[in-house]
Amino acid sequence: MPQIVNPKAFLETLFYAAVAAADPAKVLAANLPAPPKGRTVVIGAGKGAAQMAQAFEKLWDGPLEGVVVTRYGYGAPCERIEVLEASHPLPDENGLNASRRLLDAVSGLGPDDLVVALICGGGSALLPLPAEGLTLEDEIAVNRALLASGAPISAMNAIRKQISQIKGGRLAAAAHPAKVVSLVVSDIPGDDPALVASGPTIADASSRADALKIVERYRLDLPTRVCTLLSEATSLPPTPEDIRFARNEVRLVASAAVSLDAAAELAQRAGIGAVVLSDAIEGEAAEVGRVHAAIAREVVARNRPFRKPVVILSGGETTVTLRGKGRGGRNSEFLLSLSMAIDGAGNITALAADTDGIDGSEDNAGAFADGRTIARLSALGHDAASLLNANDSWSAFSVLGDLFRPGPTGTNVNDFRAILIA
């Protein structure tokens, strides 16, 4: 039977295998559009947009120009594509200026021109351009309310695209009559490309009525001007049937499903069984952590539903409804909850991390945990339940030295969770 000498190092290799499967240089090469007769203009937004732009420059055989926006510290050197940086997860003035720059880049194009849109997760916050009558402060307030609400990313983006001048397909509409080819790295459970980064180049059928239902369901406290706009039938985003989208193409170039399969394949080559629960798990991070813990303990005790040794993999995007003012993100919150539920269990080690390299607002992608995590916390004078109630999971894993800090990865296919039962 294979022995894993260092479970943390093993799980880390699986994480990097998942990230490598979504590497821009690899996934863009197989999805390049045909060169146009006219100009090629590259636009993009997201936490991996600079790396996508860098890879596209190396792969593209012909002249090009363009501009992309990414999170502060996530830039990559490009020769012909300008890389801008802005704030995430809350928008700022630099993001507002970047939105205008992207719109300028696609204005005045003709039918022989090509726009290549490099879209990945994080673009919603990086492209603030509030609808007429709203302000940047309004858009910041909406983002703050959404982040604290526990709403899934699909619901968040359904609202964001209704109050914008660039999201919900509006950027592609501004490029007409040029053809727009969107190359999308999905961080959305279910992989609907119209929801990634709130779909700046892809229209969908969601409506103002849908947005208002989300506001009511999650009891969102939004600025009065935003609520008024959502109640009106003006400045609506284009629909998929809009003639301006007739020639456009959308290509999903990377997703959680492919990345999880790559991690599973690596584990199996090492002689460890691997199962993928799902690539689209949503829900409260703490609750999802308890469910994963129950499955792991069942494997330890009864060799079911999977036989050990095995690594249990899952992806998707959990949410955190803020109750306290602690530090952390959804992956560390998942792990702290899981740790409490596997306390004392032997031979269980877990890694949960965001594939873009950042979990929440801190500098870690996630953390490691095992059956000794809670006992170690207690020995240091910390109460896990209190930390979890305060949404302070970062502090828990920081004091233990178990934070996982890979740095910016250049891609984003959402959460990666791996539980090794040896």
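Placed above this text is the structure.
Residues numbered from 1 in each chain as written. Predicted model: local features only at pLDDT ≥ 70, side-chain atom pairs only at ≥ 80, totals over all residues. Heavy atoms only, no water.

> Where do I start with the side chain of T40 in this structure?
Along the chain, T40 turns up in strand β1 (residues 40–45). Excluding residues within four positions of it along the chain, T40 makes contact with W60, P63, L64, E65, L114 and V116. (Helix = DSSP H or I, 4+ residues; strand = E, 2+ residues; numbered from the N terminus. Contact = heavy atoms within 4.5 Å.)

> Would you explain the sheet that holds strand β6 (residues 249–254) in this entry?
Strand order across the open sheet formed by 6 strands is β3-β2-β1-β4-β5-β6, with parallel pairing between neighbours. The sheet terminates laterally at β3 (81–86) and β6, the two strands that pair on one side only. Neighbour to neighbour, the strand axes of the sheet diverge by 15° on average, direction disregarded. As defined by bridge partners, strand β4 (residues 114–119) adjoins strand β5 (residues 179–185) across 6 bridges and the pair is classed as parallel. (Pairing = 2+ DSSP bridges. Axes fitted to C-alpha atoms, helices over the stretch in contact; angles between N-to-C directions.)

> So what exactly am I meant to see when it comes to the layout of surface pockets here?
Size it by volume and the largest pocket reaches roughly 960 Å³. Lining the largest pocket are 46 residues, and of these P89, L147, R330, G360 and S361 sit closest to its centre. At the level of elements, α5 (123–126), α6 (136–149), α7 (153–160) and α13 (330–341) are the ones that each hand at least two residues to the lining of the largest pocket. Across the lining of the largest pocket, the residue classes tally to 14 nonpolar, 18 polar and 14 charged. A volume near 170 Å³ is recorded for the second largest pocket. Grouping the constituent residues of the lining of the second largest pocket by class yields 6 nonpolar, 4 polar and 2 charged. (1 Å grid on protein atoms, 1.4 Å probe; cavity = no way out; pocket = protein on both sides within 12 Å on 5 of 7 lines; lining within 4 Å. Points joined across faces, edges and corners; volume = space filled by probe spheres on them. Nonpolar A, V, L, I, M, F, W, Y, C, P; charged D, E, K, R; others polar.)

> How should the pairing of strand β9 (residues 348–354) be read in this particular structure?
The buried fraction of β9 amounts to 7 of the 7 residues, a majority that puts the element mostly inside the structure. Both faces of β9 are covered, namely the face carrying I348, A350, A352 and D354 and the face carrying T349, L351 and A353. When β9 meets strand β12 (residues 415–421), the two strands line up antiparallel, connected through 7 bridges. Looking across to β12, one finds that A353 is bridged to F416. Note that β9 and strand β10 (residues 366–370) share 5 bridges and pair antiparallel. Each residue of the ladder has a partner; that of L351, found in β10, is F368. (Buried < 20%, exposed > 50% of the residue type's maximum accessible area, 1.4 Å probe, protein only.)

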